[in-house]
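What follows is each chain in one-letter form.
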Amino acid sequence: MKTVKKVLKTIILAGGKSSRMGEDKALILIQGVPLLARIATIGQQCTSEVYIITPWIDRYQSFIPPECHLIREETPGQGPLVGFFQALNYIKTDWILLLACDLPNLTKIEVQRWLDGLENVPEDAIAFLPKNSHGWEPLCGFYRYRCLNSLDKFIQAGGRSFQKWLKEHPIEKLIVSDPQILLNCNTPDDLLTINY
Ligand SMILES: Nc1nc2c(ncn2[C@@H]2O[C@H](COP(=O)(O)OP(=O)(O)OP(=O)(O)O)[C@@H](O)[C@H]2O)c(=O)[nH]1
Ligand SMILES: [Mg+2]
C-alpha cells in the first residue's frame, strides 16, 4: 500500500450546482464535519496529495485540511468531466484517485482496500472503477495519468459525458465491498439513508 500511495494523488470535484439538494453539498455536516473536509481527509490518508477543483475557493478554504490544494476552476459549470481535465493539468503522477464530494459513506478503510488491487490492473486499462447496473461509477475510482491526451481530444470535440468517454477505453472493474459505500447524497432524502 505504501508504494502505491507515493504514485497516487487525489482530485476532488467540488464545483457542482447541488440543485437537487437545494444547498451546497460540500458544506453538509456529517458528524459535525463538512462533507468536503471528510472526503479530503480520506484523500490525504490514502494518497500523497489532495487537489480540490472548485470555483468557490473562498467558501471552502477555512475548513479543508491544511496541505490540501485548492484549484480555481477556469471555466466553471461545464460539468465533472471538464473539472477533472482541468485539475489533471496540475498534477502528474502514475495514478489519480478521483472523488466526488458527495460520498458520505466512503471510508479510509475501503479506499485502502482498493489500493491493493491497483497494482494488478492490466496495462491497457486507463481506469479502475466500480460498476453498477447503469455503467461505470466514474467519480469514485482511479485513472491513469496517461488518459489526459484522450480526455483532451474528447473534450475538444465537444464531449462532456464520462460514460461516453469511458466507452472508448478498456476499464478494469473495481469490486466494492458494499454498494452503499458509493451512495451519492444528491437529495435531502438521500441524506436520511446514510450510514451515520
Ligand atoms: N469542479 C467541478 N465539479 C463538478 C461540476 N459539476 C459537478 N461537479 C461535481 O461532481 C460531483 C457529482 O456531481 P452531481 O452530484 O452529479 O451534480 P451536482 O451539480 O453536484 O448536483 P445537481 O445540481 O443536483 O445535479 C460532485 O462532487 C460535484 O461537486 C463542475 O462543473 N465542476
Ligand atoms: Mg452526485
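Everything numeric in this text was worked out from a predicted model, so none of it was measured.

About the criteria used
- Residues numbered from 1 in each chain as written.
- Chains lettered and ligands numbered in written order.
- Predicted model: local features only at pLDDT ≥ 70, side-chain atom pairs only at ≥ 80, totals over all residues.
- Heavy atoms only, no water.
- Near = heavy atom within 4 Å.
- Polar contact = N/O pair within 3.5 Å; in protein donor to acceptor, adjacent residues only side chain to side chain.
- Areas by Shrake-Rupley, 256 points an atom, 1.4 Å probe, with all protein chains shown as cover.
- Nonpolar A, V, L, I, M, F, W, Y, C, P; charged D, E, K, R; others polar.
- Donors = N, O, S within 2.8 Å, 3.2 Å for Na, K, Ca; no water.
- Helix = DSSP H or I, 4+ residues; strand = E, 2+ residues; numbered from the N terminus.
- Salt bridge = Lys/Arg side-chain N within 4 Å of Asp/Glu carboxyl O.
- Buried < 20%, exposed > 50% of the residue type's maximum accessible area, 1.4 Å probe, protein only.
- UniProt positions renumbered as here; feature names shortened; annotations may be inferred.

Chemist: Describe the site of ligand 1, listing the residues and the values that go with them.
Modeler: Near ligand 1 you find 20 residues, and of these L13, K17, S19, K25 and E73 are the closest. Backbone polar atom of G16 to an oxygen atom of ligand 1: 2.9 Å apart, as the coordinates give it. The side chain of N186 places a nitrogen or oxygen atom 3.0 Å from an oxygen atom of ligand 1. In the complex, the protein chains occlude 86% of the 620 Å² of accessible area that ligand 1 would expose alone. For the shell around ligand 1, the residue count by class is seven nonpolar, eight polar and five charged.

Chemist: Which residues make up the coordination of the magnesium ion (ligand 2), and what are the values?
Modeler: Here the magnesium ion (ligand 2) is held by the protein donor atoms D102 (OD), N184 (OD1) and N186 (OD1), which lie 2.3 to 2.4 Å from it. Spacing between the donor residues of the magnesium ion (ligand 2) along the chain follows D-x81-N-x1-N. Note that D102 is positioned in the loop between β6 (95–100) and α5 (108–118) and N184 in the loop between β11 (171–173) and α8 (188–191), a separation of 82 residues in sequence.

Chemist: Mind laying out the pattern of salt bridges, listing which residues take part and the relevant values?
Modeler: On inspection of all chains with the given rule, the structure shows six salt bridges. We note a salt bridge from R144 to E123, for which the minimum N-O separation is 3.5 Å. Pair noted here: R144 is in strand β10 (residues 140–144) and E123 is in the loop between α5 and β7 (127–129), with a separation of 21 residues, a long-range link. By relative accessible area, E123 is classed as exposed at 59%. When the shortest N-O distance is used, the salt bridge between R146 and E123 registers 3.8 Å. Remark: E123 occurs in the loop between α5 and β7 and R146 occurs in the loop between β10 and α6 (148–156); sequence separation between them is 23 residues. With a relative accessible area of 42%, R146 lands in the partly exposed category.

Chemist: Account for the UniProt feature "binding site: Mg(2+)" (unreviewed entry) in the chain, naming residues and giving values.
Modeler: The UniProt feature table records "binding site: Mg(2+)" (unreviewed entry) at D102. Separated by 2.9 Å, the side chains of D102 and K25 make a polar contact.

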